[in-house]
Amino acid sequence: MKSVRTWASVCALAVLPACGDDKEENVVPPPPASSACEVGQAVCEVSQNITEDTTWTKDHTYVLTTNVFVEKGTLKIEAGTVVQGRLNSSLAITRNARIDAQGTAAAPIVFTSAVDKGSRQAGNWGGLVLLGKAPTNVQGGEDNIEGYPESENTRYGGTDAAHNCGTLRYARIEFAGFRLGGNNELNGLTVGGCGSATTIDYVQVHRGLDDGVEMFGGTANLKHIVITLADDDGLDWDQGWQGKAQFVAVQLSRLAGNNGIEADNSSSSPSATPRSSPTLWNVTLIGADRAAGASAQTQGGAILRVGSAGNINNSVIAYFNDFALDIAGPDSIAEANAGRLTVTNSTFWSSKVAYGETTFVVKSSSDGSDFSEYTAFLGESGKGNRVADPKLSKALYKDPTPEVPGPSFKPEVAIPGGTPPSDGFFDASATYQGAVGETDWTAGWTAFPAS
């Protein structure tokens, strides 16, 4: 029978009694001391790639000291486990491996900074990366994920649309993201070429240096996603992502953050296929509600550009001082005109900028045409969109203090919306606008630390 390495057994060296006893037979010899528990502490430093089935248990804290790649096998992480990252470290599941990280609402898995609480900040470590074999629209179908030097471990993409990168459920990712250079960075959660068998459900990304979640192609789906205080965009997609998403809540800070959603097909080839064309239901995007002007942090709701298509339904896009919705560039405009880029049953609102016919998208937007988002998405009947106050002031960012609770994405009054499809993924009972209905699914397992 194949032996399975657990980090509890790694800790079972005679010099480390505090790590507990391990009486399994066929125990794999422990790795060098750099990956073992520190003497007298239930802490495991992880400095080597993982090449076989491995389990991390809630009894120990795992500290990433470098970029750790799971090259083979499945990395299982128990509910309640804490994984910390030091500077210039990250955890990447390669396309020849899987993750099985299933927390619970009562015991979420936490990926966070190794810096002491009170001193943590965005970019303390790199974040979590999932790589798979599903199609992308990059030339040749495969690429190296951004944020790392190129290697076999950083490859993603392929022909298996149903590829399974594993399961990530009830997990928080905090203070992550780093940049190697311009447009070459890791996000809180980076998903490259993962397929439809992948499960990403009940995941929060908080205070990341770049995007909260970025999807590079593939067909992976997202459900119950909370993205708070990203320094760049909330949800970002490109390279032909064709997945689904439901119950997505994004909150931007008044100090940083660009767009609630930033969507691309391919900047180098806007008509490349497979074309980015995800289907989203029940989305809430919250800006910082800052007054428009040269001194304000410019923030937009959702920008779809360079050929991205897609369908956004039952959404609330509120409190952005730049624009609510921008379809940018001739290729995405063509998708909108052809009915392949749609926004339905959605509410737009800003208390600082009047979202009218000429201000729904700011005049400086570089569409390269006279396409009117207002006319396309508000001026025609049958789409169910409107400009109205969604009563979501409790979702706005507030300067954190111990007395200030996290945001609430639950409207004071439910906003009726359309009916999601009954396809086995979407919850067809969510016939309201926004990410949260009568029951606040974000409560209990999320957290909003300032540092």
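For clarity, every value in this text was computed on a predicted model and none was experimentally measured.

So, helix H2 (residues 330-337)
Point 1. When H2 is considered as a whole, its buried residues turn out to be Ser332, Ile333, Glu335 and Ala336. Within H2, the buried residues cover an arc of 155° as seen down the axis, which keeps them to one side. Away from its buried face, by an angle of more than 90 degrees, H2 presents the exposed residues Pro330 and Asn337.
Point 2. The inward-facing, buried residues of H2 contact strand S25 (300-305), strand S27 (323-328) and strand S28 (341-344).
Point 3. Just downstream of H2, Gly339 is the residue with a positive phi angle, here 80°.

Some remarks on the layout of surface pockets
Point 1. There is about 530 Å³ of room inside the largest pocket.
Point 2. Forming the walls of the largest pocket are 27 residues, and the residues nearest its centre are Glu146, Glu214, Phe216, Asp238 and Gln239.
Point 3. Where the lining of the largest pocket is concerned, the elements lending two or more residues are strand S12 (143-144), strand S19 (213-216), strand S21 (235-238) and strand S23 (259-264).
Point 4. By residue class, the composition of the lining of the largest pocket is five nonpolar, nine polar and 13 charged.

Some points on the pattern of salt bridges
Point 1. Following the criterion strictly, the structure yields 12 salt bridges and no others.
Point 2. We note a salt bridge from Lys391 to Asp389, for which the minimum N-O separation is 3.8 Å.
Point 3. By relative accessible area, which is 32% here, Asp389 ends up partly exposed.
Point 4. If you follow the salt bridges from partner to partner, you end up with Arg95, Glu142, Glu152 and Arg155 in one network.

With respect to the sheet that holds S23
Pairing between sheet strands relies on hydrogen bonds along the backbone, with the strands arranged either parallel or antiparallel.
Point 1. Judged by pairing direction, the sheet is parallel, and its nine strands sit side by side in the order S5-S8-S11-S17-S19-S21-S23-S25-S27 without closing on themselves. Two strands bound the open sheet, and with one partner strand each, they are strand S5 (67-70) and S27. Put simply, the sheet's adjacent strands are angled 10° from each other on average, direction ignored.
Point 2. Across four bridges, the pairing between S5 and strand S8 (residues 90-93) is parallel. Counted as the bridge partner of Val68 is Leu91 from S8.

A short note on the packing of aromatic side chains
Point 1. Scanning the model with the defined rule gives 10 aromatic pairs in all.
Point 2. Aromatic pair Phe69 and Tyr148: ring centres 5.1 Å apart, planes at 55°, arrangement tilted. Taken together, the positions of Phe69 in strand S5 and Tyr148 in the loop between S12 and strand S13 (155-156) put the pair 79 residues apart, joining distant regions of the chain. Across this residue pair, the class does not change: Phe69 and Tyr148 are buried.
Point 3. An angle of 55° between the planes, with centres 6.4 Å apart, marks the rings of Phe247 and Trp441 as tilted. With Phe247 in strand S22 (residues 244-251) and Trp441 in the segment after strand S30 (386-387), this pair connects stretches of sequence that are 194 residues apart.
Point 4. Here Phe247 falls in the buried class, since its relative accessible area comes to 3%.
Point 5. Classification of Trp441 as buried rests on a relative accessible area of 10%.

Thresholds, definitions, all that
Residues numbered from 1 in each chain as written. Predicted model: local features only at pLDDT ≥ 70, side-chain atom pairs only at ≥ 80, totals over all residues. Heavy atoms only, no water. Buried < 20%, exposed > 50% of the residue type's maximum accessible area, 1.4 Å probe, protein only. Helix = DSSP H or I, 4+ residues; strand = E, 2+ residues; numbered from the N terminus. Arc of directions from axis to C-beta. Contact = heavy atoms within 4.5 Å. 1 Å grid on protein atoms, 1.4 Å probe; cavity = no way out; pocket = protein on both sides within 12 Å on 5 of 7 lines; lining within 4 Å. Points joined across faces, edges and corners; volume = space filled by probe spheres on them. Nonpolar A, V, L, I, M, F, W, Y, C, P; charged D, E, K, R; others polar. Salt bridge = Lys/Arg side-chain N within 4 Å of Asp/Glu carboxyl O. Pairing = 2+ DSSP bridges. Axes fitted to C-alpha atoms, helices over the stretch in contact; angles between N-to-C directions. Phe/Tyr/Trp six-rings, centres within 6.5 Å; stacked < 30°, edge-to-face > 60°.

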